[in-house]
Amino acid sequence: MQANLKEALVVRVTGSEVRVDTQDGERVSCVLRGRLRKEDKGVRVVAGDLVQVMPPRQGGDAWTIQSLKPRSSRLSRFVERDSSERVIVANVERLYVVASLRTPPIHYDFVDRVLVSAQWGGVSAAVVLNKTDLVSQEEIDGFDALYRSCGYTVLPTSVLAGEGLEVLTAELGTGVYAFVGASGVGKSALVMSIDPGLDLKLGEIGGKTGRGRHTTTFSQLYRFGRGYLADTPGIQTFGYPGSEPAELADCFPEFETYAQSCRFLTCTHSHEPDCGVKRALEAGDVRATRHTSYLNILAEVEARAKRSGR
Ligand code: GDP
Ligand code: ZN
């Protein structure tokens, strides 16, 4: 490695300008170099990427990004035009799906879609149940049992009552974190109570135009506690990032053991006879809301496959 190369974390990409935080804690603007510049040749630098940067050789020159490190995880969207995934943010340490049972009411389909996106990209995920001040302990326990049975940790919080916030804060380290959830569940209130230095409305940055909201798909990182917060506008509407229906069931961790007893190896756990997942559903071991979310996403992926003529 050349002596003057520095490790850096990409915090924002706009066009060909890439902003990074270097290992020395400096925030600088860089330009992409060589093969990294050819966007359509595969690699595309995104927020969360770990890169090596080179300082300007002489005044007036720009910092350059020399190389990109392999990603340990990613959140992606599906791009219909070229039937491929588009990475939105890389190296996410943990994604928190934020939900509330009331105001707004819970939408299981939404929660499950976000969990699927995390699972697909190898991002560890947990569920934050906010606004617990509005519901009974039984309702909290029921929700906790549902997602715990799928292998996810549930963190009950109330920003209003100041409950559960220490548990959540204690989990956060120096990595990149994402908080995703429906509008109004309390994401902004939550992150600002964890880090009062933040002042932002998650999911809406850069999202307003004169003609109403447009979908921004770039994401950016904000300093958050000892680490970073990734804003991922629109991720909830992206759907399943993959193109293979067969991989979808793998994104439902609780299906795995039951799927081993399906009669057909290619079982999609929808219409086939003698399906282990559907047996578990009838026995109450696989939850109805989870199977419904699965079928909804499966239908979309199958329709997509048909459209692209595969
Ligand atoms: P976001 O759209 O997910 O970022 O939601 P906001 O953070 O803007 O919060 C939406 C509304 O819910 C605001 O009026 C908050 O004051 C309120 N809110 C946030 N957390 C709680 C909570 O724990 N309990 C109650 N009752 N209201 C909350
Ligand atoms: Zn099956």
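What you see is a predicted model; the values in this text were computed from it and never measured.

### Here we look at empty space enclosed by the protein
- All chains considered together, the criterion is met by one cavity of 30 Å³ or more.
- Its volume calculated, the largest cavity comes out at about 70 Å³.
- Lining the largest cavity, in full, are V98, A99, S100, P104, P105, I106, H107, F110, V111, A182 and V185.
- Breaking the lining of the largest cavity down by element, the ones donating at least two residues are strand 8 (92–100) and helix 1 (108–120).
- Broken down by element, the lining of the largest cavity gets its largest block of residues, three residues, from strand 8.
- Residues belonging to the lining of the largest cavity are distributed by class as follows: nine nonpolar, two polar and no charged.

### Here we look at the environment of Y228
- Of note, Y228 is situated in strand 15 (residues 227–231).
- Linking Y228 and T174, residues 54 residues apart in sequence, is a C-alpha distance of 7.0 Å.
- Every residue in contact with Y228, bar those within four places of it in the chain, is listed here: L9, V11, D21, R27, T174, G175, V176, Y177, L221, Y222 and R223.
- There is a polar contact of 2.5 Å between the side chain of Y228 and the side chain of D21.

### A word on the pairing of strand 7 (residues 84–90)
- Of the strand pairs in this sheet, strand 6 (residues 74–79) and strand 7 are connected by six bridges, and their pairing is antiparallel. Across the sheet, residue F78 finds its bridge partner in strand 7, namely E85.
- Hairpin remark: strand 6 followed by strand 7, antiparallel, with four residues in the connecting loop; positive phi at S83, about 45°.

### Some details on the packing of helix 1 against helix 8 (residues 288–307)
- At a closest axis distance of 9 Å, the pairing of helix 1 and helix 8 adopts a crossing angle of 65°. With respect to helix 8, the element helix 1 is oriented roughly perpendicular. In the packing of helix 1 onto helix 8, the handedness of the crossing is right-handed. Contact residues: helix 1 offers Y108, D109, D112, R113, L115 and V116, while helix 8 offers T289, R290, S293, N296, I297 and E300.
- Each residue belonging to the contact of helix 1 with helix 8 can be placed in one class, and the counts come to four nonpolar, three polar and five charged.

Conventions we followed
- Residues numbered from 1 in each chain as written.
- Chains lettered and ligands numbered in written order.
- Predicted model: local features only at pLDDT ≥ 70, side-chain atom pairs only at ≥ 80, totals over all residues.
- Heavy atoms only, no water.
- 1 Å grid on protein atoms, 1.4 Å probe; cavity = no way out; pocket = protein on both sides within 12 Å on 5 of 7 lines; lining within 4 Å.
- Points joined across faces, edges and corners; volume = space filled by probe spheres on them.
- Helix = DSSP H or I, 4+ residues; strand = E, 2+ residues; numbered from the N terminus.
- Nonpolar A, V, L, I, M, F, W, Y, C, P; charged D, E, K, R; others polar.
- Contact = heavy atoms within 4.5 Å.
- Polar contact = N/O pair within 3.5 Å; in protein donor to acceptor, adjacent residues only side chain to side chain.
- Pairing = 2+ DSSP bridges.
- Axes fitted to C-alpha atoms, helices over the stretch in contact; angles between N-to-C directions.
- Parallel < 35°, antiparallel > 145°, perpendicular 65-115°, else oblique.
- Left-handed = near helix turned anticlockwise from the far one by under 90°.

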